[in-house]
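Each chain is listed here by its residues.
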Amino acid sequence: MVQKYQSPVRVYKYPFELIMAAYERRFPTCPLIPMFVGSDTVNEFKSEDGAIHVIERRCKLDVDAPRLLKKIAGVDYVYFVQKNSLNSRERTLHIEAHNETFSNRVIINEHCCYTVHPENEDWTCFEQSASLDIKSFFGFESTVEKIAMKQYTSNIKKGKEIIEYYLRQLEEEGITFVPRWTPPSITPCSETSLSSCKKQAASMAVVIPDAALKEGLSGDALSSPSAPEPVVGTPDDKLDADYIKRYLGDLTPLQESCLIRLRQWLQETHKGKIPKDEHILRFLRARDFNIDKAREIMCQSLTWRKQHQVDYILETWTPPQVLQDYYAGGWHHHDKDGRPLYVLRLGQMDTKGLVRALGEEALLRYVLSINEEGLRRCEENTKVFGRPISSWTCLVDLEGLNMRHLWRPGVKALLRIIEVVEANYPETLGRLLILRAPRVFPVLWTLVSPFIDDNTRRKFLIYAGNDYQGPGGLLDYIDKEIIPDFLSGECMCEVPEGGLVPKSLYRTAEELENEDLKLWTETIYQSASVFKGAPHEILIQIVDASSVITWDFDVCKGDIVFNIYHSKRSPQPAKKDSLGAHSITSPGGNNVQLIDKVWQLGRDYSMVESPLICKEGESVQGSHVTRWPGFYILQWKFHSMPACAASSLPRVDDVLASLQVSSHKCKVMYYTEVIGSEDFRGSMTSLESSHSGFSQLSAATTSSSQSHSSSMISSE
């Protein structure tokens, strides 16, 4: 497996020329890097005007590895080739390094660059990326990988320290300014000479990766004339080290790399709203910075947020009055670490009454709004306290907890809420203080704890009776001035006291079911069922040609074929499927057929794109630029497995696939929109679809594309 590293942007608040003077002092050897034994210059070139300087060195390293491993490998030192290309005119230095030793077994590549800060020409930016691919190493591949990563991260940490050390050394010598390069007096003949020097230097210069060019690493001799201008160091574009430390906390070099790489992947592949950096970091922490695992759960969460409009819940949803009166929870100042503090008087809350009066969905939505408010408060506190705050503290008072709270539907609702919160708000709970736990608490804990992540459980502190008032209690985590009055504190707490919900507010099971259905369907997405022989179709009328039809749908169950048709005349009014076998069981599900059976393809309507086969679990986004006005029909059709031509017996895969699709039924959730071509920000390629494969409604995370036209595919 190839290991990759990508650094944030590190900013030196010194001019580029002074940084270069400090950098050159690292050669031919650097006592601050014990493993760097020495280096020899093997090739060097300078242009006549002095603007271009390309130097190639052979570096000798004494890698800190077990003596036995060195003996087996038959080497005492490891050699690397480093090529530095300095362009004083553009004020850039590009560095490329690769291993010479064991190059047929281990492939190590590193790319670094120094550039001028785009917003301050007296500052210098530094970035680096690297890759490690161990193909074979005498059976010690895993050991070598660990040694290599350890050595590399150690040197990364020292990199900035070494430059700053030599900057101080220069200052002690009285060197605080190095003049910029200026072109010499140019004569007609020297112009020709300079042009040839540029070409020669360009041929020797390092090959800068495409990714680096996109980030703005330009230079006359080192890149194409069309390279973009450098844009470095702003949080909206790239992450710089100071920004990470200020807003995200102290991360190791590998943790920084994971964050940057996952963020870049989202920017390149995700068409929706990109999460904030601190939220991406939460998913990485929840999976111990395993990028693949973090990406999977984050993509599932992003799909869930999009389908249920969670990003807008604080602005668009008002909690029912019953919740405002009887839900005994609310925000209350902050703890000693600056985390927002949420107080929940669970023992005083009538969970049975709330479920009977509101239903499970309303309770879940209210808890989601609390979590969204928590994220917002974390951002505010980060600004107020001047340090990263990414989680909150929850204080749960259990006084009054009894067997009534163990009412089975209430516990079921609680478990579902825990499941949703754990999946979509990882690493947001910094500490949970459970106070005045009664004897019945172990019963509730036994029911709930299996659904709580191990990392989250470690943050629980449980106090029985008045133990919270003693040593190691509440005062260790919350200032005395803000301890709530109901816990013998001095601060008036405005959290509702809860109490029994009047039975007059209870609703029937049918009313609650309808209310849950209403909450489910309060989304921009619609749900549809697709059956064998009964596709689901929607009609879009286009008045102006060159309009853009966009779609976004998840294949929740089964495999479907997505088609787009055009007709000059409107089909008959929509007919809903009325077959008993095709009864809809999912909330909001429907099946509508528009194309009349007497219509003939090619005469009454035409196919404007090749069919797109979509597998269960895939999320598909795309667009189609209309060529003619008229009526466009978007169709989701049941995908039948092709018959095996070589044998009359069905294949095992076909049988298993048919068993997985119960009653030949598929389900999709979709959203479509028509916008003018001038307002469309995406590509104008027809049927340009992106398959994500991260629908939270399916365990499948694979993705594929069967589109016969231009497609963009991102898979996990």
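Every value quoted in this text rests on a predicted model; they were computed, and no experiment measured them.

**Student:** Is there a simple way to think about the packing of helix H13 (residues 360–385) against helix H14 (residues 408–424) in this case?
**Tutor:** At a minimum axis separation of 10 Å, H13 and H14 run at an interaxial angle of 35 degrees. Between H13 and H14 lies a crossing of right-handed hand. Of H14, the residues touching H13 (which contributes Glu360, Glu361, Leu363, Leu364, Val367, Leu368 and Asn371) are Lys412, Ala413, Arg416, Ile417, Val420 and Val421. For the contact of H13 with H14, the per-class residue count stands at eight nonpolar, one polar and four charged.

**Student:** What's the story with the nonpolar core in this structure? I'm lost.
**Tutor:** One broad rule of soluble globular proteins: the nonpolar side chains tend to lie buried together. Among the nonpolar cores identified, the biggest contains 52 residues, and Leu323, Tyr327, Leu354 and Leu398 are the most heavily contacted of them. Elements with a contribution of two residues or more to this core: helix H11 (321–326), strand E10 (340–344), helix H12 (351–358), H13, strand E11 (392–397), H14, strand E12 (429–437) and helix H15 (441–448). The element best represented in this core is H13, accounting for nine residues. Judged by nonpolar contacts, the second largest core, of 31 residues, contains Leu93, Phe126, Tyr166 and Leu170.

**Student:** Sorry, what's going on with the pairing of strand E16 (residues 547–557) here?
**Tutor:** Taken residue by residue, a regular strand's side chains alternate between the two faces of the sheet. Across the eleven residues that make up E16, a large majority, ten, are buried. With ten bridges connecting them, E16 and strand E24 (residues 665–676) associate as antiparallel partners. The residue of E24 that forms the bridge with Ile549 is Val674. Bridge analysis of E16 against strand E22 (residues 619–625) gives seven bridges, and the strand direction is antiparallel. Bridged to Asp554 within E22 is Ser619.

**Student:** Hey, could you run me through the pairing of strand E3 (residues 36–46) in this one?
**Tutor:** In the sheet, E3 pairs with strand E4 (residues 52–61) via nine bridges, with the strands oriented antiparallel. Within the sheet, the bridge partner assigned to Phe36 lies in E4 and is Leu61.

**Student:** What's the story with helix H7 (residues 253–269) in this structure? I'm lost.
**Tutor:** One turn of the α-helix equals 3.6 residues, which is why residues spaced by three or four share an orientation. Its 17 residues give H7 an end-to-end C-alpha distance of 24 Å, which sits within 8% of 24 Å, the value for a rise of 1.5 Å per residue. Of the surrounding secondary structure, the elements contacted by the buried residues of H7 are strand E1 (3–6), strand E2 (10–12), helix H3 (141–172), helix H6 (241–248), helix H8 (277–286) and helix H9 (291–307).

**Student:** How do you make sense of the pattern of salt bridges when you look at a structure like this?
**Tutor:** Tallying each qualifying case throughout the model produces 31 salt bridges. Note that Arg180 and Asp122 form a salt bridge whose closest N and O atoms lie 3.8 Å from each other. Remark: Asp122 occurs in the loop between strand E7 (106–116) and strand E8 (124–134) and Arg180 occurs in the loop between H3 and helix H4 (188–204); sequence separation between them is 58 residues. Looking at Asp122, the relative accessible area reads 40%, which means it is partly exposed. Among the ionic pairs, Lys412 bridges to Glu360, the shortest N-O distance being 3.1 Å. Taken together, the positions of Lys412 in helix H14 and Glu360 in helix H13 put the pair 52 residues apart, joining distant regions of the chain.

**Student:** So what exactly am I meant to see when it comes to the side chain of Asn99 here?
**Tutor:** Looking at the secondary structure, you find Asn99 in strand E6 (residues 92–99). Residue classification places Asn99 among the buried positions, given a relative accessible area of 6%. Within the local environment of Asn99, its side chain forms a polar contact with the backbone oxygen of Thr101, the two atoms lying 3.0 Å apart. Engagement of the side chain of Asn99 in a polar contact is seen with the backbone nitrogen of Ile108, the distance being 2.8 Å. Sequence-distant contacts of Asn99, that is, excluding residues within four places in its chain, are made with Tyr79, Phe80, Val106, Ile107 and Ile108.

**Student:** Just to check I follow, could you spell out the sheet that holds strand E13 (residues 460–464) for this structure?
**Tutor:** Within a sheet, adjacent strands bond to each other through the backbone by hydrogen bonds, running parallel or antiparallel. Overall, mixed pairing links the five strands, which are arranged E9-E10-E11-E12-E13 in an open sheet. Two strands bound the open sheet, and with one partner strand each, they are strand E9 (329–334) and E13. Strand-to-strand twist of the sheet, defined as the mean angle between neighbouring strand axes without regard to direction, takes the value 20 degrees. The pairing of E12 with E13 spans four bridges and is classified as parallel. By the bridge assignment for E13, Ile434 is matched with Ile462. This element, H13, spans E9, E10 and E11 of the sheet and lies at about 10 degrees to E9.

**Student:** Just checking my understanding: could you explain the state of the cysteines for this structure?
**Tutor:** Throughout this description, disulfide means a covalent bond between two cysteine sulfur atoms. Under the defined criterion, the tally for this structure stands at zero disulfides. In this model Cys493 remains outside any disulfide bridge; the closest cysteine sulfur is found in Cys491, 7.1 Å from its own.

**Student:** Explain the packing of H14 against H15 here, please?
**Tutor:** Packed helices, taken two at a time, are described by their axes: the angle between them and the distance between them. The interhelical angle for the contact between H14 and H15, taken along N-to-C directions, is 50 degrees, at an axis separation of 10 Å. By the angle class used here, H14 and H15 are oblique. Our pair here, H14 against H15, has a crossing hand that is right-handed. Contacts from Val411, Leu414, Leu415 and Ile418 in H14 reach Leu444, Leu447 and Val448 in H15. For the contact of H14 with H15, the residue count by class is seven nonpolar, no polar and no charged.

**Student:** For this particular structure, what's the right way to read unusual backbone geometry?
**Tutor:** Glycine aside, the phi torsion of most residues is negative, and most peptide linkages are trans. Note the cis peptide between Phe27 and Pro28, where omega equals 10 degrees. Locating Pro28 in the fold gives a position in the loop between helix H1 (16–24) and E3. Positive phi is not limited to glycine here, since Asp288 has a value of about 50 degrees. With respect to the secondary-structure elements, Asp288 resides in the loop between H8 and H9. Classification of Asp288 by relative accessible area gives exposed; the value is 64%. Despite not being glycine, Glu427 has its phi angle at roughly 55 degrees, a positive value.

What counts, and where the lines are drawn
- Counting starts from 1 at the beginning of each chain's written sequence and moves along it residue by residue.
- Side-chain atom pairs in this predicted model are given and counted only at pLDDT of 80 or more, local residue features only at pLDDT of at least 70, and totals for whole chains, interfaces and linings cover all residues.
- Hydrogen atoms and water are omitted, and side-chain values are computed over all heavy atoms in the structure.
- Axis lines are fitted through C-alpha atoms, for helices just across the contact stretch, and the angle between N-to-C directions can take any value from 0 to 180 degrees.
- By the criteria applied, helices consist of DSSP H or I runs no shorter than four residues and strands consist of E runs no shorter than two, each listed in order from the N terminus.
- A clockwise turn of the near helix away from the far one marks a right-handed crossing, whereas an anticlockwise turn of less than a right angle marks a left-handed crossing.
- Residues are treated as being in contact if the distance between any of their heavy atoms lies within 4.5 Å.
- In this classification, the charged set is Asp, Glu, Lys and Arg, the nonpolar set is Ala, Val, Leu, Ile, Met, Phe, Trp, Tyr, Cys and Pro, and all remaining amino acids, among them Gly, are polar.
- Nonpolar cores were defined as sets of buried Ala, Val, Leu, Ile, Met, Phe, Trp, Tyr and Cys residues, with membership established by side-chain atoms within 4.5 Å.
- For the exposure calls, accessible area comes from a 1.4 Å probe over protein chains only, and a residue counts as buried if that area is under 20% of its type's maximum, exposed if over 50%, partly exposed in between.
- Following DSSP output, two strands are said to pair if at least two bridges run between them.
- Working rule for helices: expected span equals 1.5 Å times residues minus one.
- Counted as salt bridges are all cases of a side-chain nitrogen of Lys or Arg within 4 Å of a carboxyl oxygen of Asp or Glu.
- Whenever two N or O atoms come within 3.5 Å, that pair is a polar contact, provided that in protein one can donate a hydrogen and the other can accept it, and provided that, for residues adjacent in sequence, both atoms are side-chain atoms.
- Only a pair of cysteine sulfur atoms within 2.5 Å counts as a disulfide in this structure description.
- Any angle between 65 and 115 degrees counts as roughly perpendicular, while under 35 counts as roughly parallel, over 145 as roughly antiparallel, and the rest as oblique.

Just distances and angles here, no functional claims.
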